[in-house]
Amino acid sequence: MGNFKVGPNVYFGVGKLEKLREINCKKVFIVTDPFMVKSGAINQVTDHLDAAKINYKVFSDIVPDPPLEIVSKGIKAMDEFDPEAVITLGGGSAIDAAKAISYFRNMINKGLDSQKTDKKVLFIAIPTTSGTGSEVTSFSVITDKKFNVKYPLVDEAMVPDMAILDANLVKTAPNFITADTGMDVLTHAIEAYVSTESSDYSDALAEKAIKLVFGYLERAYKDGNDLEAREKMHNASCIAGMAFTNASLGINHSMAHIIGGRFHIPHGKANAILLPYVIEYNANLKEFNRNEYSDTAKKYAEIAKFLNLTSSNNAREGVKSLIRAICTLKRNLNIQSSLKEAKVERKDFESNLEDIVNIAINDGCTKTNPRYPNPTELKEVFKVVYEGK
Ligand code: NAD
């Protein structure tokens, strides 16, 4: 027995921001980051609101890996303005912060005045990176700076009502952000594909997203103005989001959350560093003999097959060819292959190791990983990720 949720209305393509003129609201609270204001990207949203005579207030305090303090500040600002809609423009950080602001403001008000919550606040997400898929997911990742921990919050109430994908907005993303965020897409899709909650529905989406990443990420990285590559990566990000909001993720994300929080590595880069090692751990090839492999190894091998990385039907060869292809892609995107290469200090890593193992095991994404790790195993994976191969 399964369950597959179909999410927000997704409008995609250049010019689709025009949909903002039709939202039928008088007051909009815009949540974004300072770059969107400084670069003028925000005008692409506000011009439409001006044309439709919609009043708006801009909250542009969002920083990468948004901390609890900024969410609190946003709740206050939103409450004072009391909007009918929230529009969030930015990468995963802006979208996640806006989700948390809207969600907790609603919860607080519900406690104080049940009538206030009867008025549904429309939520519109406009991503400017092709990475998190947050525009269609029930996830919001918020950082507690006191403990350097990132908390993935999950609630269906956080799924946006509308997502608008205009690849023109992504063109300003520098190549290293394109690389990191693009690898985030690949990690979402691969983790969804092997998750214990995967289904024919989520597999179809994950497969398409994986093919798009291998087809277009390098092009978008090499030429940020390649609009076709940008559009395909924007679609891949959203499609992978649809897959993982249903199938959930695995330990790659559990480990990336704490690595990102503790060592301040951007989320996509943390995922990219981990991915080959996590695939190797999950496939567990050493435990199996020549003709008998884990179901997870077979699923990784399916990926290698539909990417035409191998003609062999042997699962071991499939897993290995997938790992090789991911390592080649990472090299071509100039992404480091270990935490050591990413300049994490050895003493910093070693003094945090026990703690990060425990936090990763207890992360919400661990429970849908296809192989449930014990602390000793996870510690070994972290050590390999630190040293590299
Ligand atoms: P981000 O939002 O943190 O942005 C990274 C940097 O890129 C920022 O400085 C931002 O200003 C800049 N930027 C964004 N768009 C740009 C553009 N078009 N041009 C130039 N610069 C631009 O990056 P992200 O990778 O999109 O989001 C990462 C966050 O999302 C992390 O906190 C991660 O944990 C979270 N996340 C959430 C989900 C989810 O489903 N909610 C999934 C994965 C990750």
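Before any of the text, the structure's been laid out above.
Residues numbered from 1 in each chain as written. Predicted model: local features only at pLDDT ≥ 70, side-chain atom pairs only at ≥ 80, totals over all residues. Heavy atoms only, no water.

## Regarding the overall build of the chain
Helix and strand content of the chain: 13 helices and eight strands. Each principal axis of the C-alpha distribution contributes one length, and for the chain these read about 65 × 45 × 40 Å. Per-residue burial over the chain gives 56% buried out of 389 residues. Across the chain, every contact between residues at least 6 apart in sequence was considered, and the portion connecting residues at least 24 apart equals 77%. Accessible surface for the chain amounts to roughly 17200 Å². Of this, 50% is attributable to carbon and sulfur atoms. (Helix = DSSP H or I, 4+ residues; strand = E, 2+ residues; numbered from the N terminus. Buried < 20%, exposed > 50% of the residue type's maximum accessible area, 1.4 Å probe, protein only. Contact = heavy atoms within 4.5 Å. Areas by Shrake-Rupley, 256 points an atom, 1.4 Å probe, with all protein chains shown as cover.)

## As for the site of the ligand
The immediate surroundings of the ligand are formed by 29 residues, with Gly92, Ser93, Asp96, Thr129 and Thr137 found nearest. In this structure, threonine 137 approaches the ligand through a side-chain N or O atom, which is 2.8 Å from an oxygen atom. Between the ligand and leucine 169 there is a distance of 2.9 Å, counted from a nitrogen atom to a backbone nitrogen or oxygen. For the ligand, the protein covers 90% of the area, taking 860 Å² as the surface of the free molecule. Residue composition of the shell around the ligand, grouped by class: 11 nonpolar, 12 polar and six charged. Mapped onto the domain boundaries, the shell around the ligand takes at least three residues apiece from domain 1 (1-170) and domain 2 (174-389). (Near = heavy atom within 4 Å. Polar contact = N/O pair within 3.5 Å; in protein donor to acceptor, adjacent residues only side chain to side chain. Nonpolar A, V, L, I, M, F, W, Y, C, P; charged D, E, K, R; others polar. Domains from an automatic or database assignment.)

## Looking at the environment of threonine 143
Looking at the secondary structure, you find threonine 143 in strand 6 (residues 139-144). Taking C-alpha positions, threonine 143 is 24 Å from valine 170, a pair spaced 27 residues apart along the chain. Apart from the residues within four sequence positions on either side, threonine 143 is in contact with Asp65, Pro66, Pro67, Leu68, Val149 and Lys150. Of the polar contacts made by the side chain of threonine 143, one reaches the backbone oxygen of aspartate 65; its length is 3.4 Å.

## Some points on the packing of helix 5 (residues 175-194) against helix 8 (residues 251-263)
At their nearest, the axes of helix 5 and helix 8 sit 9 Å apart, and the two run at 140° to each other. Judged on the interaxial angle alone, helix 8 and helix 5 are oblique. Contacts from Asp184, Thr187, His188 and Glu191 of helix 5 reach helix 8 at Ile251, Asn252 and His253. Classifying every residue of the contact of helix 5 with helix 8 by side-chain character gives one nonpolar, four polar and two charged. (Axes fitted to C-alpha atoms, helices over the stretch in contact; angles between N-to-C directions. Parallel < 35°, antiparallel > 145°, perpendicular 65-115°, else oblique.)

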